[in-house]
Structure formats: C-alpha cells, structure tokens
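Observations on chain architecture
One-letter residues, chain by chain:
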Amino acid sequence: MSDAVAATLQSTLGQVRIVSWEGGRAVIEYEVGPQMCHSGGVAQGGFVCGWIDAAMAHASLSIAPEMTPMSLELKVSYFAPARPGRVTAEGWIERRGKATCFAEGRLLDPAGKVLAKASSTIRLIPREAVEASARRAME
C-alpha cells in the first residue's frame, strides 16, 4: 500500500479552472498533459469525452444544485485531435424536465477551433439519495 494521496477527478482530468458556471451553462479549462496522450501526441478520446461530460454535468448543476447528474446516454463526435496544452470544454442544457435533462457540449482549442462535440441525456437524482446509497455501499 502507498501512503500517497489519491488524485481527485479534477486533477486526473487536468482541470485548471472553472471559467463560468451559471444559468445552465458551464465553461471549464483543462491542461492536456503528455500522460493523457497516445502515439503522435494526441489526447486519448476518453479524456476528450470526460472533459465535455464534466462541462455538461456542471451546466446541469448550475440550475439544479440539489441534484446529482448521472449520464444515461453520451455521444461524442471527434473532429480534430486535442494535443498537449490548454483546451476549453463548454456545456449547456438544451432542455430540462423534472428528472431528466438534455445537454450539449464541445471542446475547443486555444484558437477557438472545435475539436469535438457531444450530447448527453442526464438523469437528475436527488443528492441526498445518491449520498445515502454511497454510505450503504461502504458498510
């Protein structure tokens, strides 16, 4: 066993800062590191998906902070490679129902070029229920 502190999701994804997070929209900056890349210095697609997914989740939290967003469906279209350096993930809520919302997002390079786009169906579950379930699972 190691005494090292476990990395947070934000540090694993290379989160630099949340630029904005309100009104059903979120913008988050990430730093693409070489450890996130495969051959040719291209960010692995799972990171690209994770960055946009996080922005869409933050967008849902901005309008329903008492709920935990859980992805039911997620589709990502990749247009160009993300390479080491700064990228920006944007997410927004297209439509919200009582227990489900539909989100869209995109990943941009520093010049504003769209690298990928995504859409997601998100189930909104009361935070208390999710936390109670997590506590029971730990028992």
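For the structure itself, consult the block above.
Calculation rules
- Residues numbered from 1 in each chain as written.
- Predicted model: local features only at pLDDT ≥ 70, side-chain atom pairs only at ≥ 80, totals over all residues.
- Heavy atoms only, no water.
- Pairing = 2+ DSSP bridges.
- Helix = DSSP H or I, 4+ residues; strand = E, 2+ residues; numbered from the N terminus.
- Axes fitted to C-alpha atoms, helices over the stretch in contact; angles between N-to-C directions.
- Phe/Tyr/Trp six-rings, centres within 6.5 Å; stacked < 30°, edge-to-face > 60°.
- Buried < 20%, exposed > 50% of the residue type's maximum accessible area, 1.4 Å probe, protein only.
- Salt bridge = Lys/Arg side-chain N within 4 Å of Asp/Glu carboxyl O.
- Expected span 1.5 Å × (residues − 1).
- Polar contact = N/O pair within 3.5 Å; in protein donor to acceptor, adjacent residues only side chain to side chain.
- Contact = heavy atoms within 4.5 Å.

Turning to the sheet that holds strand β6 (residues 85–96), a few remarks are in order. Within the open sheet, the 6 strands sit side by side as β1-β2-β6-β7-β8-β5. Their pairing is antiparallel. The open sheet has two free edges, formed respectively by β1 (15–22) and β5 (67–78), since each of these has just one partner strand. On average, each strand axis in the sheet is inclined to that of its neighbour by 20°, with strand direction left out of account. Inspection of the sheet shows strand β2 (residues 25–32) paired to β6 by 8 bridges, in the antiparallel sense.

Our next topic: the packing of aromatic side chains. Evaluated as defined, the whole model comprises 2 aromatic pairs. For the pair Phe47 and Trp51, a centre-to-centre distance of 6.0 Å together with 35° between the ring planes defines the contact as tilted. Of this pair, Phe47 and Trp51 both sit in helix α2 (residues 45–63), 4 residues apart, which is roughly one turn of that helix. Among the residues examined, Trp51 registers a relative accessible area of 0% and is labelled buried. Ring pairing ties together the aromatic residues Tyr30, Phe47 and Trp51, which thus form one cluster.

Okay, the pattern of salt bridges next. Per the stated rule, a full pass over the model turns up 4 salt bridges. The residue Glu29 makes a salt bridge to Arg17 at a minimum N-O spacing of 3.0 Å. A residue pair is termed long-range when its members are at least 10 positions apart, and Glu29 in strand β2 and Arg17 in strand β1 qualify at 12 residues. Judged by its relative accessible area of 14%, Glu29 falls in the buried class. Between Glu31 and Arg86 there is a salt bridge whose closest N-O contact spans 2.8 Å.

Along the chain, the position of Leu9 falls in helix α1 (residues 9–12). Taking relative accessible area as the criterion, Leu9 reaches 59% and is therefore assigned exposed. Put simply, Leu9 and Gly50 are 41 residues apart on the chain and 9.9 Å apart in space, counted from C-alpha to C-alpha.

So, about α2. The end-to-end C-alpha distance of α2 is 28 Å, a good match for the 27 Å that 19 residues give at a rise of 1.5 Å each. Looking at α2, one finds that the buried residues are Val48, Cys49, Gly50, Trp51, Ile52, Ala54, Ala55, Met56, His58, Ala59, Ser60 and Leu61. The residue sitting at the N-terminus of α2 and contributing the capping side-chain oxygen is Gln44; that oxygen lies 2.6 Å from the backbone nitrogen of Gly46.

As a further point, take the pairing of β1. Sheet topology places β1 next to β2; 6 bridges connect them, and they run antiparallel. Considered in β2, the bridge of Ile18 is made with Ile28. Where β1 hands over to β2, the hairpin turn is made up of 2 residues, of which Gly23 adopts a positive phi near 60°.

Here Ser120 is to be found in strand β8 (residues 114–126). Relative accessible area serves as the criterion here: at 5%, Ser120 is assigned to the buried category. A polar contact of 3.0 Å, which involves the side chain of Ser120, links it to the backbone oxygen of Glu73. Sequence-distant contacts of Ser120, that is, excluding residues within four places in its chain, are made with Met56, Ser71, Glu73, Leu74, Cys101, Phe102 and Ala103.

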